[in-house]
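Read off the chains here:
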Amino acid sequence: MSTIYFLIQQTMFFTIPLMVVALGGMFSERSGVVNIALEGIMLMGGFCSIFFINQMQDTLSGQLLLILAILIAMASGAVFSLLHAYASINMKADQTISGTALNLLAPSLAIFMARMIQPSGVQQIAFNNTFRIAKVPVLGDIPVIGNMFFQNTYITTYLGVLILIVSAIVLFKTKFGLRLRACGEHPQAADSVGVSVYKIRYSGVIISGALGGLGGLIFIITTSTNYNASVAGYGFLALAVLIFGQWKPYKVAGAALFFGFMKTISATYSTIPWLQGLNLSGYFYKMIPYIATLIVLVFSSKKSQAPRAAGTPYDQGAR
Amino acid sequence: MKRTLALILVLALSVSLIAGCGKVNNGGASGTPAPQASDSATPAPSGSGAELALVTDLGTIDDKSFNQGSWEGLKKYATENNKTYQYYQPSEGTNAAYLEAIGLAVKGGAKVIVTPGFLFEVPVYEAQTKYPDVKFVLLDGEPHTEDYGTYKTEANTLCILYAEQEAGFMAGYAAVKDGFRKLGFMGGMAVPAVVRFGYGFLQGAEAAAKELGLAEGEVSVMYNYTGDFNAAPEKQAKAAGWYESGTEVIFACGGATGNSVMAAAEASKDKWVIGVDVDQYSESNTVISSAVKQLGNSVYQALEAYYGGKWDGGKTWVLDSKNDGVGIAMDNARWRTFSAADYATLYKAVQDGKYTINSASDIEIKDLGLKLVKVTEVAD
């Protein structure tokens, strides 16, 4: 039984950052801007917030420090994503190229800045992990469920779930959500009824930046002891999650869970007797999520749920 | 209008980028922040290069491990003797890229180039004849052709090998003596140095189990090579899985892979990590000790020999316990019962050859002849 609890706890460490970042990507793409810069945004969010933790951890610790770092991560991700927004909305640049530029820029910038501002001149930024919650009071004592979700966890896990619910409500139950979706499907029509496509698209990209930055922080906090200018390709993986989830919040969450679980299995199958008994190679589990993505793409390409106008710059004059 | 604006923006960006790069060269030319350079009152190098150069392996000079250890030795010698020094990082991990970086160092006026790592065997084989006037210090390897057909160490190359199996042996021995029964080994790539660390670790555990009179299978070891030297969440998950299923201490032998293992150890109760190459105690409170090679010292000695007119080119130095080249870090160790006196006894015994430690790296684990220790090899 404890193996199962362990698997679920570990799955959460993979799933939550993937889901948060993919939800960010969803806001951007739903507004009509393809955002492949998620990887770079994660990197910058992680960089700023981990550096903040590194500087403040002598005076603060625990959840308060983490919450402040979360705010920093979101702010820095949002600011970094403005570059993408400006290039792809105002300048009508090719969104793929702009995103690629940010992805290339981010790791070098993070290494460069870390070496410049740290007295030791090293590129890693170390932090003390004082954020892990061994057991949530009261809830952690509930049998089974407490073991699964309220032990050995981080507040970011619950924040992720909250973000999922809020995203779903915002996207489908609010005026803003309706406008956002309209701009992604048919910006000309939205514009004709007085919606400012530029503003909406800006907000879409900024939200994706904030969530991307947050995802970067969550990712590093839960899986390492220092920041080393890498998020191991999770920004790109989040894009796959987004496509697998067909741009719908709960499906994205399901996809992230699936990816996270498969990642966990592929890394830990060596310690799970019944999986070892199956005698499958670890590579097999590693492949499954991607094969599944391909299959989903094959079957859904006819009626793909991708926002129709995603990727095309909006030109008011061409209405 | 917008076009002009965009053009100006692009220009401004590229100018600032170039300015930025300039800064990297000034500040980073010596690989250290500016104050260090001015402290040593080094005469300004004629070009952009330096007399002493280090070309990094897959890691960086601050990997808290292999490259850093070598770099610190070079830096120490250079600052003490007013030599200019610099490091070069290859653009990627291929022979061509390594050669290119070596070429850059030569162009920069390097007299001695330190190349830490097994992966430099082929590049140095070519470089030593291409640049006969430059001296090479190759750590962890001996130059050979790509197909291993010809081994040749020219007079301008000095190879330094370490008896990793002895350091690994001491780590495994100490771990079992300290009361651990379920051990783990997580190596980086299965290059000879890493394999020797691992095999030494197993043999050390075996020796201690025998001395303690433990039953067969009482000591068990999970054994895995992760395939690279990076930190990644998959490795954190794997290590967490091992800890979850009972492993008490993991010998993390793969550069930054260690950070993933430490992250996993921190998230579990009473779980430990054995560091590698340099004393990694400051990386995490879970580092119980480290299996170290005196990388810095050996680079320092090689440079000293060169400048003292005693260049030992064409040879291979093997550093082991006899010349204090390897060991485990005890100064900041967090062993529960294994004391400094125990270590002194162990060290003496290894020095005197009381234990026969197999140093081969091209054999299978089953050929090590382990009887008491049960090894579970994890593929991939």
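Residues numbered from 1 in each chain as written. Chains lettered and ligands numbered in written order. Predicted model: local features only at pLDDT ≥ 70, side-chain atom pairs only at ≥ 80, totals over all residues.

Caption draft 1: Representation of the pairing of strand E7 (residues 219–225) of chain B. Residues and elements named next belong to chain B. For E7, the tally of buried residues reaches six of seven residues, placing the bulk of the element in the interior. When strand E6 (residues 182–187) meets E7, the two strands line up parallel, connected through six bridges. In the sheet register, phenylalanine 185 faces E7, and the bridge partner there is tyrosine 223. Crossover handedness for the path E6 to helix H7 (residues 192–212) to E7: right-handed. In the sheet, E7 pairs with strand E13 (residues 373–378) via six bridges, with the strands oriented parallel. Looking at E13, one finds that asparagine 224 is bridged to valine 378. (Buried ≥ 20, exposed ≤ 12 C-beta atoms within 10 Å, placed from the backbone. Helix = DSSP H or I, 4+ residues; strand = E, 2+ residues; numbered from the N terminus. Pairing = 2+ DSSP bridges. Right-handed = clockwise from strand over helix to strand, strands pointing away.)

Caption draft 2: Geometry of the interface of chain A and chain B. Contact with chain A, which involves 27 residues of that partner, is made by 32 residues of chain B. Among the elements that line the side of chain A that touches chain B, the one with the most residues is helix H11 (residues 249–268) of chain A, at four residues. Its residues placed into classes, the side of chain A that touches chain B shows eight nonpolar, 17 polar and two charged. (Contact = placed C-beta atoms within 7 Å. Nonpolar A, V, L, I, M, F, W, Y, C, P; charged D, E, K, R; others polar.)

Caption draft 3: Looking closely at helix H10 (residues 234–244) of chain A. Residue and element names in this part refer to chain A. Among the eleven residues of H10, ten are classified as buried, and the element is accordingly described as predominantly covered. The inward-facing, buried residues of H10 contact helix H1 (2–30), helix H2 (38–56), helix H9 (197–223), H11 and helix H13 (282–300). At the exit of H10 stands glutamine 246, carrying a positive phi of roughly 50°.

Caption draft 4: Expanded view of the packing of H1(A) against H9(A). Residues and elements named next belong to chain A. One way to put it is that H1 packs onto H9 with a least axis distance of 7 Å and a crossing angle of 170°. In terms of orientation, H1 lies roughly antiparallel with respect to H9. Each of Phe13, Ile16, Pro17, Val20, Val21, Leu23, Gly24, Gly25, Phe27, Ser28 and Arg30 in H1 lies in contact with H9, whose residues at this interface are Gly204, Val205, Ile207, Ser208, Leu211, Gly212, Leu214, Gly215, Ile218, Phe219, Thr222 and Thr223. (Axes fitted to C-alpha atoms, helices over the stretch in contact; angles between N-to-C directions. Parallel < 35°, antiparallel > 145°, perpendicular 65-115°, else oblique.)

Caption draft 5: Broad picture of the environment of Asp279(B). Residue and element names in this part refer to chain B. Mapped onto the fold, aspartate 279 is located in the loop between strand E9 (272–277) and strand E10 (287–293). The buried category is assigned to aspartate 279, around which 21 C-beta atoms lie within 10 Å. Taking the C-alpha atoms as reference points, aspartate 279 and alanine 237, separated by 42 residues in sequence, lie 24 Å from one another. The residues touching aspartate 279, leaving out its near neighbours within four places in the chain, are Ser290, Val292, Ala329 and Asn332.

Caption draft 6: Quick peek at the confidence of the model for chain B. Residue and element names in this part refer to chain B. For chain B, the average pLDDT comes to 85, and 87% of its residues sit at 70 or higher. The low-confidence segment residues 17–47 (pLDDT under 50) makes 30 contacts with residues lying over four places distant or belonging to another chain. We note a pTM of 0.81 for the whole complex and an ipTM of 0.81 for its interfaces. (pLDDT = per-residue confidence, 0-100.)

Caption draft 7: Here's a closer look at the environment of Thr56(B). Residues and elements named next belong to chain B. When you line up the elements, threonine 56 lands in the loop between strand E1 (52–55) and helix H3 (66–80). Residue class for threonine 56 comes out buried when judged on the 24 C-beta atoms lying within 10 Å of it. Residues within four places of threonine 56 in sequence aside, it is in contact with Ile61, Asn67, Tyr87 and Gln89.

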